[in-house]
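For reference, the chains in residue letters:
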Amino acid sequence: MKRREIIHKSAIATTAAATTVACTRRTTAPNVRTGLPTVRWRMATSWPTSIGLFTGPEIIAKRVKEMTGGRFTIKPYAGGELTPALQVLDAVRQGKVQCGHTASYYYIGKSPALAFATCVPFGLNAQQQNAWLYHGGGLELLQKLYGDRFNIINFPAGNTGTQMGGWFKREIKSVGDLKGLKMRIPGLGGQVMSRLGVNVQVLPASDIYLSLERGAIDAAEWIGPYDDEKLGLNKAAPFYYYPGWWEGGPTLDALVNRRAWDKLPKEYQEIFKAAAYEANINMLSQYDALNSEALAKIVAGGTKLTAYTQDIMQAGQKATLEIFEENASKDAEFKQIYEQWKGFREKIYNWNRVNELSFANFVTTDWA
């Protein structure tokens, strides 16, 4: 009997041990990415490393590395290191780099419809822009445009929220005061300002401060208080205008060369998309937190915070609508995206008048 008990107990112990090993293997196996390749990419960007916009590329690189156990790594480079800051799209399209991080409206000379990937004057705020991109059909339209024209796939990968209206060396009291000013402003916003008499310049971030400080330009818009102070723009011009009506919710894009994308395993593609999504949401939250503190600081330091006059806002809106219609009449891609976007904008404006605007008007009024 004792011998049979020993054999029986031994069998139980062996079975239990085997079961424990099997369970351990099932638990750890999904974290061992066997069979997935090692991939090394470079990412060209349009940004200096010192500003908040560079957090977008950094988050993508960090999360892709973490989620693949280091098998897929992306190294982001500052604007100008791999390619000029405003030529990221070309570098990605030509395969000089596998991916990039930039603002699509820098490239409206190639296709005016690219403006919608970032923002257009008097358009959508950040929350509305995300709604259009992710759930309103916007991203599908833009990915088709990028794919057909540039052999690129794009993903939203950052948003600053509504921006400020720029720094001016002298006070602007009317549309007439804009005439002849040299101002750094890109995208369709630049085209609108041009119609209002502004001599428009498109400069990378690295050139803005010196151009403004030395008088090569009279005004410059960049982002908002946090990054504008980082560039020292509050030291180069005293008047800070709001709102940035040309950038209500500007999206930054991660651009990926389509051939490089197609070579990735499906797992890596999904991880990249998730990392870009995280960068998009995180950047907006970060800017809202940082800008409130930075604005108070620069105003305390002597910056003259000034609202655009109604005649400037109205003239800008009128010129914007004219540009929309002109582009739609001569560019089929612009027309397709514009008409779909316009329909979405009408619906979400009607909804936000009821919920967001009524709430914001009440809580931001000095009623105490």
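Please refer to the structure higher up on the page.
Bear in mind the structure is a predicted one, so any value in this text is a computation, not a measurement.

A. Region of the structure containing the overall build of the protein chain. A tally of regular secondary structure across the protein chain gives 14 helices and 11 strands. In the protein chain, buried positions account for 49% of the 368 residues. For the protein chain, restricting intrachain contacts to residue pairs at least 6 apart in sequence, the fraction spanning at least 24 positions comes to 77%. When the accessible surface of the protein chain is summed, it comes to about 17,600 Å², and 53% of that surface belongs to carbon and sulfur atoms.

B. How the structure looks around the sheet that holds strand β8 (residues 219–220). In spatial order, the strands read β7-β6-β8-β5-β9-β11; together these six strands make up an open sheet with mixed pairing. This sheet does not close on itself; its edge strands, each paired only once, are β7 (199–201) and β11 (304–307). Sheet analysis places strand β6 (residues 182–184) next to β8, joined by two bridges and oriented parallel. Across the sheet, the residue bridging to R184 is A220, located in β8.

C. A look at the side chain of T251. If you trace the backbone, T251 turns up in strand β10 (residues 251–257). A distance of 3.4 Å separates the side chain of T251 from the side chain of N159, its partner in a polar contact. Not counting chain neighbours up to four residues away, the residues in contact with T251 comprise A117, T118, Q129, L133, P156, A157, G158, N159 and N280.

D. A nonpolar patch on the surface, seen in detail. On the surface, a cluster of nonpolar side chains totalling about 230 Å² of accessible area is made up of Y242, V299 and L305. Note that V299 resides in helix α12 (residues 266–300).

So, how was this worked out
- Residues numbered from 1 in each chain as written.
- Predicted model: local features only at pLDDT ≥ 70, side-chain atom pairs only at ≥ 80, totals over all residues.
- Heavy atoms only, no water.
- Helix = DSSP H or I, 4+ residues; strand = E, 2+ residues; numbered from the N terminus.
- Buried < 20%, exposed > 50% of the residue type's maximum accessible area, 1.4 Å probe, protein only.
- Contact = heavy atoms within 4.5 Å.
- Areas by Shrake-Rupley, 256 points an atom, 1.4 Å probe, with all protein chains shown as cover.
- Pairing = 2+ DSSP bridges.
- Polar contact = N/O pair within 3.5 Å; in protein donor to acceptor, adjacent residues only side chain to side chain.
- Patch = residues over 30% accessible without salt bridge, like charges linked within 9 Å, V, L, I, M, F, W, Y side chains within 5 Å.
- Salt bridge = Lys/Arg side-chain N within 4 Å of Asp/Glu carboxyl O.

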